[in-house]
Amino acid sequence: MSESAPVTTQSAESVSAESVSDGAVTRPDHVSTFAALHERNYRLYFSGSVVSNIGTWMQRIAQDWLVLELTHSPFAVGITMALQFLPLMLLGLYGGVAADRYRKRPLLMTTQSVMGLLAAALAVVTLTGVVTVWHVYAVAFLLGLVTVVDNPARQIFVNEMVPASLVRNAVSLNSGSFQIARLVGPAVAGVLIAAVGSGWAFAINAASFVATIGALAAMNPALLQTVPRAGREPGQIREGLRYVWARPYLKWLVILVFFIGTFGFNFAIILSAYAKITFASTASLYGWLNTALAIGSLSGALYAARRATVRLGFLFAVSALFGASMIVLGFIGWIPLFLVLLVPAGALAIGFNAMANATVQLATDAAVRGRVMSLYMLLLAGGTPIGAPLIGGIADLWGAPVAMWVSGAICLTATVACAIGSAREAGIRVHLDLHRTAVRRLVLVRRN
């Protein structure tokens, strides 16, 4: 190809997951938003997840607010998040090995049961009035240990509940169920905390795990898709790492996911600081801030559910807009406008995450999918022990708006760097076309 010849759309934006995994570049761009819900097993799982996720969001809000009440420090909230994600950073890849080796349904029934028991323990110490910040730290760390296995198993179990053609739709609907819960959970938690305290939010979360466990138990095993499991062999973690590194379309995406997860997904810290310190308000406002973010997040998840194909360049664009939206939010000091602008920020954040998650899954061979997704989740959430205390410390020292600016600037810079790295590795550069048109335009061309 000559230097001046424009690259095709597929080459210009790297490759979609479908074109990599099964050559399905001829699929329509969109599918029915709720197509995966026609599958019985997935429908059960989705319903149980909505209930359980509402409880999880109630606990998240109650936990953050309880730590603020006990310590009066956003930095302490950051420490709590760091402890919850520290096991993922240290042991996350081993969780992927477990997800590749064992049957996902019984594995998830076990992890969900343990999570319910931990929520019940936190409820007891809080309702009896003996809770200290160290109790919260301990439960957060233990939850993190369970999440090491639960996260990759949950991510790839979708491949057993629906056929390959509906995996992207199902992954996005999973994000949608989480955001539906995010709409309801924070608002309910805010009212509940103000009325009777954080302990009852923890108790409700403990009870909500019954929904997910019951849904898993009610599934028809005969309807689950057959997915190969990995055997016991040495070097399985290294195999997963080499698999990703050898594929640029995966490598640059997961590198970007690290920066977005580490520095962009710290809304629990930043919004709690906005509610309590910047806006000098109560837990009710914190709940409404999270609800506004969730409205946008749900919209982003539902949009992602309709897309049958997603190209790498599009993901970079969504990520860049997310970073820019956080920078803009940092300049807003009026609560109504801040609430309104949280909506597009949430849509961009979850839209990027849902589409990136599905892209990685569809582009990965089934035999290593658990390890690849454990790496994905490690980079998405495992950097929280780095990012959460840093962003919490910035909020402590210079205020929540500065923390929002820093988060957005890092995300935007990382997006540009990963896009440039991806283009260079694919042999693509930007060229100003001055020929055969009255309008100058930028095109992507393949380097010789």
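Model, not experiment: these values are computed from the prediction.

(A) The arrangement of the overall build of the chain in detail. Counting its secondary structure elements, the chain contains 17 helices and two strands. Put simply, the chain has 448 residues, and 56% of those count as buried. Element-wise, carbon and sulfur atoms account for 66% of the exposed surface of the chain, whose accessible area totals about 17900 Å².

(B) The arrangement of the pattern of salt bridges in detail. One pass over the structure, following the stated rule, counts two salt bridges. For the salt bridge of Glu-160 with Lys-104, the shortest nitrogen-to-oxygen distance reads 3.7 Å. Placement of Glu-160 in helix α6 (residues 133-161) and of Lys-104 in helix α5 (residues 104-127) is noted, with a sequence separation of 56 residues between them. Like Lys-104, Glu-160 is buried. In this structure, Asp-150 and Arg-154 form a salt bridge, with 2.7 Å as the shortest nitrogen-oxygen distance. Of this pair, Asp-150 and Arg-154 both sit in helix α6, four residues apart, which is roughly one turn of the helix.

(C) Looking closely at the nonpolar core. One finds Tyr-42, Met-161, Val-162, Phe-338, Leu-342, Phe-352 and Tyr-376 to be the most contacted residues of the largest nonpolar core, which totals 124 residues. Residues in contact with Tyr-376, not counting those within four places in the same chain, are Val-254, Val-257, Asn-353, Ala-356, Asn-357 and Val-360.

(D) Summary view of unusual backbone geometry. Located in the positive-phi region is His-72, a residue other than glycine, with phi close to 60 degrees. Along the polypeptide, His-72 turns up in the loop between α3 (40-71) and α4 (74-101). On the basis of relative accessibility, which here comes to 60%, the residue His-72 falls in the exposed class.

(E) Main features of a nonpolar patch on the surface. Taken together, the side chains of Met-89, Leu-90, Leu-91, Tyr-94, Phe-141, Leu-142, Leu-145 and Ile-386 define a hydrophobic patch exposed on the protein surface, amounting to about 710 Å² of accessible area. Elements with a minimum of two residues in the nonpolar patch: α4 and α6. It is α4 that provides the largest number of residues to the nonpolar patch, a total of four residues. Tracing the sequence through the fold places Tyr-94 in helix α4. Using a relative accessible area of 54% as the deciding quantity, one classes Tyr-94 as exposed.

(F) Examining α3 more closely. For α3, which comprises 32 residues, the first-to-last C-alpha distance of 46 Å matches the rise-based estimate of 46 Å (1.5 Å per residue) to within 8%. Just downstream of α3, His-72 is the residue with a positive phi angle, here 60 degrees.

(G) Representation of the packing of helix α9 (residues 236-245) against helix α10 (residues 248-264). Viewed as axis vectors pointing N to C, α9 and α10 meet at an angle of 105 degrees, and their least axial separation amounts to 6 Å. Judged by the angle between their axes, α9 and α10 are roughly perpendicular. Mapping the contact onto sequence places Tyr-243, Val-244 and Trp-245 in α9 and Leu-250, Lys-251 and Val-254 in α10. Of the residues that constitute the contact of α9 with α10, the class distribution is five nonpolar, no polar and one charged.

(H) Looking closely at the packing of aromatic side chains. Evaluated as defined, the whole model comprises twelve aromatic pairs. Considering the side-chain rings of Phe-259 and Phe-263, the 6.4 Å spacing of their centres and the 25 degrees angle between planes classify their relative orientation as stacked. Of this pair, Phe-259 and Phe-263 are both found in helix α10, four residues apart, which corresponds to roughly one turn of the helix. Here Phe-263 falls in the buried class, since its relative accessible area comes to 10%. Grouped by ring-pair contacts, the aromatic residues Phe-258, Phe-259 and Phe-263 constitute a single cluster. Its guanidinium or amino end placed over the ring of Trp-57, Arg-60 lies 5.0 Å from that ring's centre, counting from NZ or CZ. Taking the ring centre of Trp-245 as reference, the NZ or CZ of Lys-251 above it sits at 4.3 Å.

(I) The arrangement of the environment of Met-326 in detail. Following the sequence through the fold, Met-326 ends up in helix α13 (residues 312-329). Each C-alpha atom of the pair Met-326 and Leu-341 lies 9.2 Å from the other, and the pair is 15 residues apart in sequence. Setting aside anything within four residues of it in sequence, one finds Met-326 in contact with Gly-264, Phe-267, Ile-270, Met-404, Ser-407 and Gly-408.

(J) Inspection of the confidence of the model for the chain at higher detail. Considering every residue of the chain, the mean pLDDT works out to 82; 86% of them sit at 70 or more. Confidence, read as mean pLDDT per element, is least for helix α1 (residues 9-12) in the chain (31) and greatest for α5 (95). Note that pLDDT drops below 50 for residues 1-26; the model gives that stretch 58 contacts with residues more than four away or on any other chain.

(K) Summary view of the side chain of Asp-64. With respect to the element layout, Asp-64 can be found in helix α3. Nearest to the buried, unbridged Asp-64 among oppositely charged side chains is Arg-60, at 7.4 Å. Apart from the residues within four sequence positions on either side, Asp-64 is in contact with Val-77, Ala-268 and Tyr-286.

(L) Spotlight on the packing of α3 against helix α12 (residues 283-306). Two elements in contact, α3 and α12, have axes separated by 11 Å at closest approach and are oriented at 135 degrees. It follows from the interaxial angle that α3 and α12 lie oblique. The element α3 and its partner α12 pack so that their crossing is right-handed. Seen from α3, the contacting residues are Trp-57, Ile-61, Asp-64 and Trp-65; seen from α12, they are Ala-283, Tyr-286 and Asn-290. For the contact of α3 with α12, a count of residues per class yields five nonpolar, one polar and one charged.

How each quantity is defined
- Residues numbered from 1 in each chain as written.
- Predicted model: local features only at pLDDT ≥ 70, side-chain atom pairs only at ≥ 80, totals over all residues.
- Heavy atoms only, no water.
- Helix = DSSP H or I, 4+ residues; strand = E, 2+ residues; numbered from the N terminus.
- Buried < 20%, exposed > 50% of the residue type's maximum accessible area, 1.4 Å probe, protein only.
- Areas by Shrake-Rupley, 256 points an atom, 1.4 Å probe, with all protein chains shown as cover.
- Salt bridge = Lys/Arg side-chain N within 4 Å of Asp/Glu carboxyl O.
- Core = buried A, V, L, I, M, F, W, Y, C linked by side-chain atoms within 4.5 Å.
- Contact = heavy atoms within 4.5 Å.
- Patch = residues over 30% accessible without salt bridge, like charges linked within 9 Å, V, L, I, M, F, W, Y side chains within 5 Å.
- Expected span 1.5 Å × (residues − 1).
- Axes fitted to C-alpha atoms, helices over the stretch in contact; angles between N-to-C directions.
- Parallel < 35°, antiparallel > 145°, perpendicular 65-115°, else oblique.
- Nonpolar A, V, L, I, M, F, W, Y, C, P; charged D, E, K, R; others polar.
- Phe/Tyr/Trp six-rings, centres within 6.5 Å; stacked < 30°, edge-to-face > 60°.
- Lys NZ or Arg CZ within 6 Å of the ring centre and 35° of its normal.
- pLDDT = per-residue confidence, 0-100.
- Lys, Arg positive; Asp, Glu negative; His and termini not counted.
- Left-handed = near helix turned anticlockwise from the far one by under 90°.

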